[in-house]
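A structural walkthrough
Here's the letter readout for the chains.
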Amino acid sequence: MKKSFVIDSCYTILNNVTPLNFDCGQLCNGKCCKGDEGLGMLLFPGEEEFIDESINVTVNKDGTSVAVCNGSCNRQKRPLSCRIYPLFPLIKNENGKEYIEVIYDPRAKCPLCLGEHKLSRRFLKAVKRVGKYLLCNEETEKAYREISDEINDILKLQELFSQ
């Protein structure tokens with residue numbers, strides 16, 4: 001599949017689902033929608049053409065693109081990382097079998113990660129479907145696997161430090 005089709009499909013999957021049945025930004029005053037040059041949301045390959053023009057895109061030293069928001073954007077044109085936040089469809093491998101598990105992203109600083117609010121089941125399923133779609137293109141799959149590897153490493157470190 002073309003990466004533009006993959007990204008568009010992911011956006012469509014997430015268009016009408018949200019973590020909660022109310023604006024979760026009310027819990028933290030929309031912290032996730034405010035960033036600076038050092039704090040933003042990773043973009044998947046080919047995503048730049050889909051996002052709102054008001055979102056500033058910077059390129060990190062490692063070549064990854066990051067979206068930095070000023071606090072508001074067209075919700076239909078927000079990046080995939082914003083749409084799945086604070087979750088991530090993590091690629092896991094157990095006994096040679098690969099699968100996707102939707103987890104709270106350990107990099108996220110969000111009140112929803114505290115587990116005090118029950119997330120929408122539709123949202124959880126949509127995030128998992130997005131993970132499956134990201135595997136359908138070589139470029140998006142590569143980026144997705146790199147992020148999953150990074151998160152798996154973070155989880156392993158957290159486990160070591162909690163012992």
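On a predicted model such as this, the values are computed, not experimentally measured, just so you know.

**Here's the deal with the overall build of the protein**
The number of helices and strands found in the protein is four helices and five strands. Buried positions account for 39% of the 163 residues belonging to the protein. The long-range fraction of contacts in the protein, counting pairs at least 24 apart against all pairs at least 6 apart in sequence, stands at 70%. Counting only carbon and sulfur atoms, one obtains 50% of the accessible surface of the protein, whose full area is about 10000 Å². Across the protein, the centroid of the 23 positively charged side chains sits 7 Å from that of the 23 negatively charged ones.

**Considering the environment of N70**
Locating N70 in the fold gives a position in the loop between strand 3 (65–68) and helix 2 (80–84). By relative accessible area, N70 is classed as exposed at 57%. Spatially, the C-alpha atoms of N70 and G96 are 43 Å apart, while their sequence positions differ by 26 residues.

**Some points on helix 4 (residues 138–162)**
It helps to recall that an α-helix has 3.6 residues per turn; residues three or four apart then point in one direction. Taking 1.5 Å of rise per residue, 25 residues should cover 36 Å, and helix 4 covers 36 Å from first to last C-alpha, within 8% of that figure. Among all positions in helix 4, only T140, A143, Y144, I147, S148, I151 and N152 are buried. A distance of 2.8 Å separates the backbone nitrogen of E139 from a side-chain oxygen at the start of helix 4, and that oxygen is part of N137.

**Points about the environment of L119**
Mapping L119 onto the fold places it in the loop between strand 5 (97–104) and helix 3 (121–134). Classification of L119 as buried rests on a relative accessible area of 10%. Contacts of L119, omitting those with residues within four sequence positions, involve P19, L20, L87, Y104, L112 and L124.

**Considering the nonpolar core**
Generally speaking, nonpolar side chains in soluble globular proteins are found buried as a group. Among the nonpolar cores identified, the biggest contains 37 residues, and L14, F44, L80, F88, V130, L134 and Y144 are the most heavily contacted of them. Sorting elements by how many residues they give to this core places helix 1 (residues 3–14) first, with six residues.

**Notes on the packing of aromatic side chains**
Counting across every chain of the model gives two aromatic pairs. With a centroid separation of 5.6 Å and an interplanar angle of 65°, the aromatic rings of Y11 and F50 are classed as edge-to-face. In this pair, Y11 is assigned in helix 1 and F50 in the loop between strand 1 (41–42) and strand 2 (56–59), connecting sequence segments 39 residues apart. A relative accessible area of 4% places Y11 in the buried class. Judged by its relative accessible area of 18%, F50 falls in the buried class. Centre to centre, the rings of F88 and Y144 are 5.8 Å apart; their planes meet at 55°, and the pair counts as tilted. Residue F88 is located in strand 4 (residues 87–94), and its partner Y144 is located in helix 4; the two are separated by 56 residues in the primary sequence. When its relative accessible area of 0% is taken as the criterion, Y144 is described as buried. Its guanidinium or amino end placed over the ring of Y11, R83 lies 3.8 Å from that ring's centre, counting from NZ or CZ. For R107, the ring lying beneath its charged end belongs to F88, and the centroid distance is 5.9 Å.

**Here's the deal with the sheet that holds strand 3**
Here three strands make up an open sheet; going across it, the order is 1-3-2 and the pairing antiparallel. Edge positions in the sheet fall to strand 1 and strand 2, since each of these pairs with one other strand and no more. Across four bridges, the pairing between strand 2 and strand 3 is antiparallel. Residue pairing in the sheet places V57 in a bridge with A67 of strand 3.

Basis of the calculations
Throughout this document, residue positions are counted from 1 along each chain, in the order its sequence is written. Per-residue local features are limited, in this predicted model, to residues with pLDDT of at least 70; the limit for side-chain atom pairs, both in listing and counting, is 80 or more; totals at the level of whole chains, interfaces and linings are taken over all residues. Each side-chain value is worked out from all heavy atoms of the structure, with water and hydrogens disregarded. Numbering goes from the N terminus for both helices and strands, where a helix is a DSSP run of H or I of at least four residues and a strand is a run of E of at least two. To sort residues, take the accessible area from a 1.4 Å probe on protein chains only and compare it with the maximum for the residue type: under 20% means buried, over 50% means exposed, and anything in between is partly exposed. In what follows, a contact means two residues having at least one pair of non-hydrogen atoms within 4.5 Å. Accessibility throughout is a Shrake-Rupley quantity obtained with a 1.4 Å probe, and a residue counts as covered only by protein chains that appear here. Within this scheme the basic residues Lys and Arg register as positive and the acidic residues Asp and Glu register as negative, but His and the chain ends are omitted. Every charge is mapped to an atom, namely NZ of Lys, CZ of Arg, CG of Asp or CD of Glu. A helix is expected to span 1.5 Å for every residue after the first. Polar contacts here mean pairs of N or O atoms no more than 3.5 Å apart (in protein, one a potential hydrogen donor and the other a potential acceptor; neighbouring residues in sequence count only if both atoms are side-chain atoms). We define a nonpolar core as any set of buried Ala, Val, Leu, Ile, Met, Phe, Trp, Tyr and Cys residues linked to one another through side-chain atoms lying within 4.5 Å. To pair, rings of Phe, Tyr and Trp, with the six-membered ring standing in for Trp, must have centres within 6.5 Å; the planes then decide the type, stacked if under 30 degrees apart, edge-to-face if over 60, and tilted in the middle. By definition, being over a ring means that NZ of Lys or CZ of Arg is both within 6 Å of the ring centre and within 35 degrees of the ring normal. Strands pair, by our definition, only if DSSP identifies at least two bridges between them.

All quantities given are derived from atomic positions and should not be read as evidence of function.
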